[in-house]
Amino acid sequence: MEMITRFAPSPTGFLHIGGARTALFNWLLARHYGGKFLLRIEDTDRERSTPEAVDAIFSGLKWLGIDWDEEPVFQSSRLDRHVELAKKLVAERKAYHCYCSAEELSSMRQEAKSRGKSPRYDRRWRDRDPADAPAGIQPVIRLKVPLEGTTILQDVVQGTVDVANDQLDDMILVRSDGTPTFMLSVVADDHDMGVTHVIRGDDHLTNTFRHIQIYNAFNWNVPQYGHIPLIHGADGAKLSKRHGALGIEAYRDMGYLPEAVCNCLLRLGWSHGDDEIIPQDQAIQWFTTDNLGKSASQLDFAKLLNLNGYYMREADDQRLLEELLPLVGNVSDEIRQRLLRGMNGLKQRSKTLLELRDLSYIYINPPPDSKLDLDSRVVWGIIIQVLEFEENWSEENLEKELRTAAAENGFTFARVAQVLRSVLSDRKITPSVFDMLVSFGKNESLQRMRAAFR
RNA sequence: GUCCCCAUCGUCUAGAGGCCCAGGACGUCGCCCUUUCACGGCGACAACGCGAGUUCGAAUCUCGCUGGGGACGCCA
């Protein structure tokens, strides 16, 4: 049987790091087994769902290199189907109408709580005669959950977990306004979409028992679940939009490469021995549910940065140039060429695209002159002029040009070297230029330059 | 409060009874390479939450405790 996985976010905000990881795992699983990865937008909470959030999810996934099969399903388009299914359960006496008001329910919960019990619905309408229905009240539809026994979940991550049925509520399937709830919709959609495997955050673990009850009521096959631990913030609490959870696009804006973010996410809760650097194609080969961890983790920015540095160094120069150009605005063709030539040196010193941008500054603009005296600024200007105007920067003529320019302006080459050194040791943005300079000279012209530097 | 889950270096993790007085990676700190920065190389520091069992032997199994997290909505 073909494996079908899915990612089913609700579009109430950006795609955050936890969601991205969930998507990644489901995607990897499907790709590993040659199955399908589907996307479903759970937009039934019309209050909070926005089209912007839908776009953010699509673009976030695309950026990460996660593609999906078939058209995304919008849950809101399937409401009729869900309600119809609920009505069928009512007809089969597996579900029933409940006429409790919101106030009634909350006082019920209050009371249960004060007696140290779970705040739950007391099932007062479960077996009541529908003829008792009060007039003018729109009922909800509730599922009849078995009063006894246990519900057992075979989770691919958590192992066997069971819960006593009396812990489960007779949950609401259809609201009094006639719309289906999340509980019903997920189950119905997963079933209709043919989903065979669901990897999701373990905040859904307890919901799963309810989902299983719904599957049972319909006599449907329950998919394989894998509940992965949540990613925690630095304070150890669940990552939420309230504290520091960033949208995936924030990582892009900080200059991270998608492959680095993916690699980092992958290693959060999944491992393959001692392997750390795992490009996407390798991940597809290796990823199975077997190596998923059971304990919560935190995202380590230092590690992300390190990983990003690695992928920066590995990245193709031309590609980096294309990533860089939007960050530096309009530059001439000449500068573009110059950047490309310098890219190899530049990228080795950049852990993010933002750092690459900062390092590139000197290729695009004259250097700032804050730390130099007037004389030195002039010399530095000469150096920059040479860099600006010398087309090929070949090893022979670089030094020659520097000498000539220095002489023309009444400076010795030693003075040029001195300024060069002082600027370089002083300025974070300059080492790449220095590297560029010395990289030309593997021969005697470098030797002479060296001598001048000492 | 009730139910559920989790627990190895600061962080991410390896480890499925002897291979572990616990390995890798990031970070930190040294040293080396280098005319600078970075890269790279070498090394150091650093963890099995606690307590009982089971066993010849436990990071690995069991129980308890503690700690952390999650769920208990006509939200998803």
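Look a little higher up for the structure.
Residues numbered from 1 in each chain as written. Chains lettered and ligands numbered in written order. Predicted model: local features only at pLDDT ≥ 70, side-chain atom pairs only at ≥ 80, totals over all residues. Heavy atoms only, no water.

**Some details on the pairing of strand β1 (residues 4–7)**
The side-chain alternation of β1 yields two buried faces, one formed by Ile-4 and Arg-6 and the other by Thr-5 and Phe-7. Of the strand pairs in this sheet, β1 and strand β2 (residues 36–41) are connected by 4 bridges, and their pairing is parallel. Looking at the pairing, Arg-6 lines up with Leu-38 of β2. Taken together, β1, helix α1 (residues 17–32) and β2 constitute a β-α-β crossover, and its handedness is right-handed. (Buried < 20%, exposed > 50% of the residue type's maximum accessible area, 1.4 Å probe, protein only. Helix = DSSP H or I, 4+ residues; strand = E, 2+ residues; numbered from the N terminus. Pairing = 2+ DSSP bridges. Right-handed = clockwise from strand over helix to strand, strands pointing away.)

**With respect to the state of the cysteines**
Enumeration over the complete set of coordinates arrives at 0 disulfides. Left unpaired, Cys-98 is separated from the closest cysteine sulfur, that of Cys-100, by 3.8 Å. (Disulfide = S-S within 2.5 Å.)

**Some words on the side chain of Asp-189**
With respect to the secondary-structure elements, Asp-189 resides in helix α5 (residues 182–192). With relative accessibility at 0%, the residue Asp-189 sits in the buried group. A distance of 2.8 Å separates polar atoms of two side chains, one belonging to Asp-189 and the other to Gln-75. Beyond its immediate sequence surroundings of up to four residues, Asp-189 is in contact with Arg-40, Gln-75, Arg-78 and His-82. (Polar contact = N/O pair within 3.5 Å; in protein donor to acceptor, adjacent residues only side chain to side chain. Contact = heavy atoms within 4.5 Å.)

**Some details on the sheet that holds strand β5 (residues 140–143)**
Spatial strand order, β4-β5-β8: 3 strands in an open sheet with antiparallel pairing. Unpaired on one side and paired on the other, β4 (95–98) and β8 (172–174) mark the two borders of the sheet. This sheet shows a mean twist of 45° between the axes of neighbouring strands, independent of strand direction. In this structure, β5 lies alongside β8, joined through 2 bridges in antiparallel fashion. For Ile-141, the partnering residue across the bridge sits in β8 and is Val-174. (Axes fitted to C-alpha atoms, helices over the stretch in contact; angles between N-to-C directions.)

**A closer look at the packing of helix α8 (residues 258–266) against helix α10 (residues 301–314)**
Across the interface, α8 lies against α10 with an axial gap of 9 Å and an inter-helix angle of 135°. By the angle class used here, α8 and α10 are oblique. Classified by chirality, the crossing of α10 by α8 is right-handed. Seen from α8, the contacting residues are Glu-259, Ala-260, Val-261, Asn-263 and Cys-264; seen from α10, they are Leu-304, Leu-307, Asn-308 and Tyr-311. (Parallel < 35°, antiparallel > 145°, perpendicular 65-115°, else oblique. Left-handed = near helix turned anticlockwise from the far one by under 90°.)

**Considerations on the pairing of strand β7 (residues 159–164)**
It is a general feature of regular strands that their side chains alternate between the two faces of the sheet. In the sheet, strand β6 (residues 150–155) pairs with β7 via 6 bridges, with the strands oriented antiparallel. Across the sheet, residue Gln-154 finds its bridge partner in β7, namely Thr-160. In this antiparallel pair of consecutive strands, β6 and β7, the connection spans 3 residues.

**A few points about helix α3 (residues 79–91)**
One turn of the α-helix equals 3.6 residues, which is why residues spaced by three or four share an orientation. Taking 1.5 Å per residue, 13 residues should reach 18 Å; α3 reaches 18 Å between its end C-alpha atoms and fits that length. Along α3, the positions that sit buried rather than exposed are Leu-79, His-82, Val-83, Leu-85, Ala-86 and Leu-89. Along the long axis of α3, the arc covered by the buried residues comes to 155°, so they all point the same way. Turned more than 90 degrees from where α3 packs its buried face, Asp-80, Glu-84, Lys-87 and Ala-91 sit exposed. (Expected span 1.5 Å × (residues − 1). Arc of directions from axis to C-beta.)

**As for the packing of aromatic side chains**
Using the criterion set out here, one finds 8 aromatic pairs in the structure. Taking 6.5 Å as the distance between ring centres and 70° as the angle between the ring planes, the aromatic pair formed by Tyr-215 and Trp-220 counts as edge-to-face. Judged by relative accessible area, Tyr-215 falls into the buried class, the value being 1%. On the basis of relative accessibility, which here comes to 14%, the residue Trp-220 falls in the buried class. Aromatic pair Tyr-251 and Tyr-256: ring centres 6.3 Å apart, planes at 45°, arrangement tilted. Residue classification places Tyr-251 among the buried positions, given a relative accessible area of 3%. Given the relative accessible area of 7%, Tyr-256 is considered buried. (Phe/Tyr/Trp six-rings, centres within 6.5 Å; stacked < 30°, edge-to-face > 60°.)

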